[in-house]
Amino acid sequence: MKQGAVILVIDDEVQIRRFLKMSLNTYGYKVHEAKTAEEAMMIITSVRPDVIILDLGLPDMNGFDFLKKLREWSSIPVIVLTVKDSEEDKITLLENGADDYLTKPFSIGELQARIKVALRHNLKDESKNAVFKSKNIKIDFAKRIVYVNDNEVKLTPTEYSFITFLVKYSGKVVTQNQIMKELWGPNMQDETQYLRIYALQIRRKIEEDPSNPKILITEPGVGYRLVVE
Amino acid sequence: MKQKLKKINSINNPSVIKNENNKVMVTISPSPHSEYLIKYTEKISSGLKNNWLVLYVEKSEKLSEKEERNLTKNLKLARELGGEVIITAAENIVNGIIRIAEKNNVSKIIIGKPLHRSIKDIILGRNFIDKLLKYSKEINITIVSPPKVKTKKRGVILPKFNLKKNFKEYLTSISTIFIITILNLLLLRIIDYWSVAMIYLATVSILGIFLSRWPIVLAALLSALIWDFIFIPPIFTFYIGKTKDSFMLIMYFFVAIITGNLTSKLHLKEISLRKREKRITELYEISNIISNSTDIDEVIEKSIKLIEKTFNSKVNIILTNGKDTLDNISHRLSSFKLNNKSFYTALWSFNNEKNAGRFTNILDKSDIMFIPLIASNNVVGVLSVKFTENYSLDIEQEDLLQNFSKQIAMAIESDLLKELNKKAMIQAESEKLYKIILNSISHELKTPLTSISNAANGLKDKKMFTKSDIRNILLDDIIESSDRMNRIVGNLLDMIRLESGKLKLNMEWNDVNDIISTVLKKMNNDLKNYKFKKEIDKKLPLLYADFVLIEQVLTNIILNAIQHNKEGIQIILKIFKKGNYIYFVVRDNGIGIPKTEQEKVFDKFYRISRSKTGGTGLGLSICRSIIELHNGKIYAENNKYDGVSFIFYLPVNEMKIKEII
C-alpha cells in the first residue's frame, strides 16, 4: 500500500469529482481530475497516475472504447464506476481491460478497499513470492500447500488452481469466464455450475463459516474475489 | 343519423303521445295503384311515429312477367320509404290479410278501392271489401281511392290466358285423358263401366298435382263426356239409358272437379310451404353463423360464403371500422375489388342509406348491387353483390338478401361496440395505475428528500454541527433516507422492467449460501436492532436461478419484516429442501397479517394500513413476479402463535455433470 499514490478521476459530473477528490485527499492520495476522455488521455501521458477511476458515461467517448484505447499502451489499473443491474457490462469491462468495479452508490470504505487492491503490485510480482498470506490463509507456492490457521488443508488440483488464480489478481474481481478458461480451457464457458460446486467445496475447507464467506467472495452475476489484506 | 332526428322530432309532437301501438298496414298487389297506396301510407305514418307494414298476399296462381315486375317495383318502393315488407301465402286473401294484421297488432288496414272484379267474384256474388269488413273485428279499414291512373281495362277482367304455358297444360290434360281412355277400353273385359269412372276420377286427381285450375276442369269435363259416350250404355252415344247413370255422371263431374281442385290446391300449398321453409332455413343459417362465430372476421367470412352460395354471386364488403365514412380498402375477405366508379356508388349508398346499383332504381346500369349495412342506429359499411349476367332477383330473394345484410350489420356493430368498450376499459385502467404511481412516487420520495434536506441544513448550523451526538444522528438520517430513496427508485425500475417484459433472467447455478451472505451483508445495518437467526440446510443442492433477482426477493421480504414490526422482534430465515423444491421461509414473531390481507399484500401498491413507515407497496408484488418467473410460488401465512411467515419455493433442476478432464 502506498501513501501519496496518484489517482486520476475521470467523470463528467462535477459533484462526483469533488466528492472523490475530497475523500481521497483525506486519505493521503493525490488526485487529478478529467472531464473528458481526451483530457484524461493527456493527463495519463503527462502525469502517469498509479490508479484510474473511470466513469462510463463520458461525453466524448464511451467507457469501453476508452479502455480499449488505453490498454493498447498502458497497464495502469482501472476501477470502473458502474450502476446496479449492469452485470453484463461489468463482465465485459473486466474482460476488456478493467481491473475492478465499484457500484454506485458506494461508501468510502469500499472505495478505499478497491484502491488498495488496485495499487498492489500485479500478478508478476505476486507469483514471484514464494508465500502468500492473507487473514488466516497461507499458501506456499513452492510446496503447493495451503494452510488455514496454520493447519494444512487438502485441496484438489482444481481447487488449488482456483485459489491461486485468484491470488494472482490479489484482491481484484475475476470473472467466471476468466476462471473457467484458466481451469478448463475455452470450451466450458457455459457450465458455471462447476464453479459453484468448487467454490462451495473450497469454502467448506478454508472458511470459518462457509455460509458466510469472508475470504472467497462471490460477486453476484460477475465472478469471484479473493479478499487479501 | 337522419332517423335519429326523425325520432326526436316526433317525440316532441304532442299528438304522438296518445297512440302507442298504432301500426298501419297497407295491402298491395302488382297493380300500379299500389304505388300510390304505399306513398299514402308512408305519409300518414311518419307523423305518427309508426313503423308501417306493407303486405302482399301471394295466391296460387302465377303472375305474368309484367305483374312480377310491377310487384317488385312496388315492394322496393315500400322498402325504400321505410316500410316493413311482409309477404305471405294464402288462398283466401281476406283470411291472409286478417291473419297478418292480427299477428302484428295492426290497428289500421289501408286498401285500395278495387277497380274491377273478377268473373268469379261476380258469379259468386262476393265482395272483397264486404268480406274484409266482416272479419276485421276491431281493426279499422281505410279505403283509398287512387288518382286517375291509366289502365287498359276497366270493369270486368277476363281470366288470364297465358298462351304458351297453359297450352302445354291443356295438351297434357287432353292427352292423358285419351291415354286413360284406351287403358279403360282394354280393361273393360275385367271391370264394368262404373269402375272405369273410378279410374277416370283417380286420373283427374293425379292431374291435379301437375296442372292448374282450368286444365283440370277441362280434364274433368272431357273425362265425363268420354265416359258418357264410350262407356255408359248405350255405348257410343251421349244418351244415358238409366236414371242412376245420369245421376252418376253429374256426381262424377262434380267430384272430379272438386278433387282435381283440391289436389291442385294441396300441391300448391305444399310448394309454398316448402318455399317458406327454405326461406326460414336460409334466414336461420345466417343467424346461426353469427351466433356461432367467435370473432367478427369469422362472421364476415362465413356470411360472404353463404351469400355467394345462395345467390350465385361474388361479394365485396367495405366497412367503416368505427370511423365516420367508408374505409378506402375493401375488407380482405371480399371476393372482388371495387373499381373507382363502383366505390363511389358504394359511397353514395352508404351516405344515403339506400340500395343502389343493379336491380334498383338508382344507378342501375352497374352489374353490382350495393346494399348499405344498416344496424340499429348506424351504417357500418356497404355490401356489394356482383351477380352473374343472367341472374334475376325475385322479391323473395331480395327480401332474404336484405335480411342477411341487416343481420351482418348488427353483428358488425356489436363487435365495434365491444372494441370501443374494451379500449375504454383499458384506458381507465391505465389512468388509474398512472395516478397511483404518481401519488406513490411523489409521496414516497418526498419524505426522505425532506429528511435529507433538513438534516443537511441542520449540519450547516454551527451549534448543531459541533455536538457530535446530534451530528451523528443527522448524518444517519441522511444515509438512511438516501438508502430508502435508492430502494424506492430500484423498486420502481424493477416493476417497470417486469411489467414491460423486458427483464432478462440471468439463470445460473448458485450456491444458496452465496445469495444469503450477499443479502445479509447489505442488510447488516438494518438488522442490527432485530434478533436475526438463520437455519440453512447443510446439504442444499445448487439452485438454478437468477442470483440478483433472488437476492432482491430475500431483501424485500426481510425489509418487509423490519418495516412492519417494532424493534427487538425475532426474524428467522430457514432454508431447506423438500421434495423437488427448495423452500425459503422468513418468519417473524411480530404482529402478523389479517387473513383477508394475506393474498392482497402481493398486489401492486398495496400497503397494510398499520404499516410503520412508508414504502411504495411494490416490494412484495415484485417478489411475486420474480418467483413466478422462476416457476416457483410465494405466499404468506400466519404462524400458530405469533407473527407471520413469508414462504417461497423454487424448483430443483437437474444438473448435468459432465466428466471434467
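Within each chain, residues carry numbers counting from 1 in the order of the written sequence. All chains are assigned letters beginning at A, and all ligands numbers beginning at 1, according to the order in which they are written. Predicted model: local features are reported for residues with pLDDT of at least 70 only, side-chain atom pairs are reported and counted for 80 or more only, and whole-chain, interface and lining totals are derived from all residues. Computation of side-chain values: all heavy atoms of the structure, hydrogens and water removed.

1. A short note on the pairing of strand 2 (residues 53-58) of chain B
Residues and elements named next belong to chain B.
1) Next: Classification of residues uses two cut-offs on accessible area relative to the type maximum, computed with a 1.4 Å probe and protein chains only: under 20% is buried, over 50% is exposed, and between them is partly exposed. The helix and strand labels rest on DSSP assignments: H or I over at least four residues marks a helix, E over at least two residues marks a strand, and numbering proceeds from the N terminus. Taking burial as the measure, the six residues of strand 2 include five buried ones, the bulk of the element.
2) Next: Two strands make a pair as long as DSSP finds a minimum of two bridges between them. Both strand 1 (residues 23-28) and strand 2 contribute to a ladder of four bridges, which runs parallel. Paired with Met25 across the bridge in strand 2 is Leu53.
3) Next: Relative to strand 3 (residues 84-89), strand 2 is paired through six bridges, and the arrangement is parallel. For Val54, the partnering residue across the bridge sits in strand 3 and is Val85.

2. Digging into the packing of aromatic side chains
The relative placement of two aromatic rings is captured by the distance of their centres and the angle of their planes.
1) Next: Here the aromatic set is Phe, Tyr and Trp, taking the six-membered ring for Trp, and pairing holds for ring centres within 6.5 Å; pairs whose planes are under 30 degrees apart are stacked, those over 60 apart are edge-to-face, and all others are tilted. Inspection of every chain in the model, using the stated rule, returns 19 aromatic pairs over all chains.
2) Next: Between A:Trp184 and A:Tyr194, the ring centres sit 6.1 Å apart and the planes meet at 75°, which makes this aromatic pair edge-to-face. Note that A:Trp184 is positioned in helix 8 (residues 176-184) and A:Tyr194 in helix 9 (residues 192-206), a separation of ten residues in sequence.
3) Next: Here the aromatic rings of B:Phe343 and B:Tyr344 are separated by 5.8 Å at their centres, their planes lie at 75°, and the arrangement is edge-to-face.
4) Next: For B:Phe343, a relative accessible area of 15% translates into the label buried.
5) Next: Take B:Tyr344: its relative accessible area is 55%, and that puts it in the exposed class.

3. Quick notes on helix 4 (residues 65-80) of chain B
All names here are of chain B.
1) Next: The end-to-end C-alpha distance of helix 4, which contains 16 residues, comes to 22 Å, matching closely the 22 Å that a straight helix rising 1.5 Å per residue would cover.
2) Next: All of the buried residues in helix 4 are Leu71, Thr72, Asn74, Leu75, Lys76, Leu77, Ala78 and Arg79.
3) Next: On its buried face, helix 4 is in contact with strand 1, helix 3 (33-46), strand 2, strand 3 and helix 14 (395-460).
4) Next: Gly82 occupies a position one or two residues after helix 4 and carries a positive phi of about 105°. A helix's residues, less one, multiplied by 1.5 Å, set its expected span. When checking whether two residues touch, look at their non-hydrogen atoms; a contact exists if any pair is within 4.5 Å.

4. Re the side chain of B:Thr360
Residue and element names in this part refer to chain B.
1) Next: By the secondary structure assignment, Thr360 is in the loop between strand 9 (356-357) and strand 10 (368-374).
2) Next: Within polar-contact distance, the side chain of Thr360 engages the backbone oxygen of Ile362 at 3.0 Å.
3) Next: Beyond its immediate stretch of four places on either side in the chain, Thr360 contacts Lys76, Asn355 and Met369. N or O atoms within 3.5 Å of each other form a polar contact, as long as, within protein, one can give a hydrogen and the other can take it, and as long as residues adjacent in sequence are counted only when both atoms are side-chain atoms.

5. A short note on the interface of chain B and chain A
A common way to state how big an interface is: give the accessible area lost once the parts meet.
1) Next: Between chain B and chain A, the contact holds 25 residues from the first and 27 residues from the second.
2) Next: Put simply, a salt bridge is a Lys or Arg side-chain nitrogen that is within 4 Å of an Asp or Glu carboxyl oxygen. The tally of links between chain B and chain A comes to four salt bridges.
3) Next: A salt bridge links B:Asp514 to A:Arg203; its shortest N-O distance comes to 2.6 Å.
4) Next: Linking chain B with chain A are six residue pairs in polar contact (both at pLDDT 80 or more).

6. Digging into a negative patch on the surface
1) Next: Only residues above 30% relative accessible area that lack a salt bridge enter a patch, with like-charged residues linked at up to 9 Å and the nonpolar side chains Val, Leu, Ile, Met, Phe, Trp and Tyr linked at up to 5 Å. Methods summary: accessible areas were calculated by the Shrake-Rupley approach with a probe of 1.4 Å, and residue burial reflects only the protein chains presented. Note on charges: Lys and Arg go in the positive column, Asp and Glu in the negative column, and His and the chain ends are not counted at all. By convention, the point assigned to a charge is CZ for Arg, NZ for Lys, CD for Glu and CG for Asp. Taken together, the side chains of B:Asp476, B:Asp477, B:Glu480 and B:Asp483 make up a negatively charged region of the molecular surface.
2) Next: Structurally, B:Asp483 can be placed in helix 16 (residues 468-500).

7. Topic: the pattern of salt bridges
1) Next: Counted according to the given criterion, the structure contains 28 salt bridges over all chains.
2) Next: Where A:Arg225 meets A:Glu219, a salt bridge forms, and the shortest distance between an N and an O atom there is 2.9 Å.
3) Next: With relative accessibility at 12%, the residue A:Glu219 sits in the buried group.
4) Next: Where B:Lys302 meets B:Glu298, a salt bridge forms, and the shortest distance between an N and an O atom there is 2.9 Å.

8. What to know about a positive patch on the surface
Residues and elements named next belong to chain B.
1) Next: Together, Arg99, Lys103, Lys269 and Arg276 give the surface a local cluster of positive charge.
2) Next: Counting only elements with at least two residues in the positive patch, the list comes to helix 5 (93-103) and helix 11 (243-292).
3) Next: Inspection of the secondary structure puts Arg99 in helix 5.
4) Next: Residue Arg99 is classed as partly exposed on the basis of its relative accessible area, which comes to 38%.

9. So, a nonpolar patch on the surface
1) Next: Residues B:Ile250, B:Phe254, B:Ile258 and B:Leu262 make up a contiguous nonpolar surface patch of roughly 410 Å² in combined accessible area.
2) Next: Mapped onto the fold, B:Ile250 is located in helix 11.

10. Side note on the confidence of the model for chain A
1) Next: A residue-level look at chain A finds 94% of positions with pLDDT of 70 or above and a mean pLDDT of 84.
2) Next: The quantity called pLDDT is the predictor's confidence in a given residue, expressed from 0 to 100. When mean pLDDT is compared element by element in chain A, strand 2 (residues 30-34) of chain A scores highest at 94, while helix 6 (residues 123-128) of chain A scores lowest at 51.

11. Topic: the side chain of B:Ser405
All names here are of chain B.
1) Next: Position of Ser405 among the secondary structure elements: in helix 14.
2) Next: Residue Ser405 is classed as buried on the basis of its relative accessible area, which comes to 2%.
3) Next: For Ser405, the side chain forms a polar contact with the main-chain oxygen of Gln402, separated by 2.8 Å.
4) Next: Beyond its immediate stretch of four places on either side in the chain, Ser405 contacts Ile371, Leu373 and Leu383.

12. Observations regarding the packing of helix 2 (residues 37-47) of chain A against helix 3 (residues 63-71) of chain A
Residue and element names in this part refer to chain A.
1) Next: Packing of helix 2 against helix 3 brings their axes to within 11 Å, and their N-to-C directions diverge by 25°. As summarised for this structure, helix 2 and helix 3 are arranged roughly parallel, according to the angle between their axes. With respect to the hand of their crossing, helix 2 and helix 3 are arranged in right-handed fashion. Side by side, helix 2 and helix 3 meet where Ala37, Ala40, Met41 and Ile44 of the first sit next to Phe66, Lys69 and Leu70 of the second.
2) Next: Three residue categories are used. Nonpolar comprises Ala, Val, Leu, Ile, Met, Phe, Trp, Tyr, Cys and Pro, charged comprises Asp, Glu, Lys and Arg, and polar comprises the others, including Gly. Across the contact of helix 2 with helix 3, the residue classes tally to six nonpolar, no polar and one charged. Comment: axis = line fitted to C-alpha atoms, over the contacting stretch for helices; angle = value between 0 and 180 degrees taken between N-to-C directions. Any angle between 65 and 115 degrees counts as roughly perpendicular, while under 35 counts as roughly parallel, over 145 as roughly antiparallel, and the rest as oblique. The handedness criterion is simple: a crossing whose near helix is rotated anticlockwise from the far helix by less than a right angle is left-handed, and one whose near helix is rotated clockwise is right-handed.

13. Digging into the sheet that holds strand 11 (residues 379-387) of chain B
All names here are of chain B.
1) Next: The four strands are arranged 8-11-10-9 in an open sheet whose pairing can be described as antiparallel. The two strands at the open ends of the sheet, each matched to only one other strand, are strand 8 (313-319) and strand 9.
2) Next: One ladder, built from seven bridges, connects strand 10 with strand 11; its direction is antiparallel. What sits directly across from Phe370, in strand 11, is Ser384.
3) Next: Sitting on the sheet, helix 13 (residues 340-352) touches strand 8, strand 9, strand 10 and strand 11, and the angle it makes with strand 10 is about 35°.
4) Next: Its contacts with the sheet place helix 14 against strand 8, strand 10 and strand 11, and it is angled at close to 45° to strand 10.

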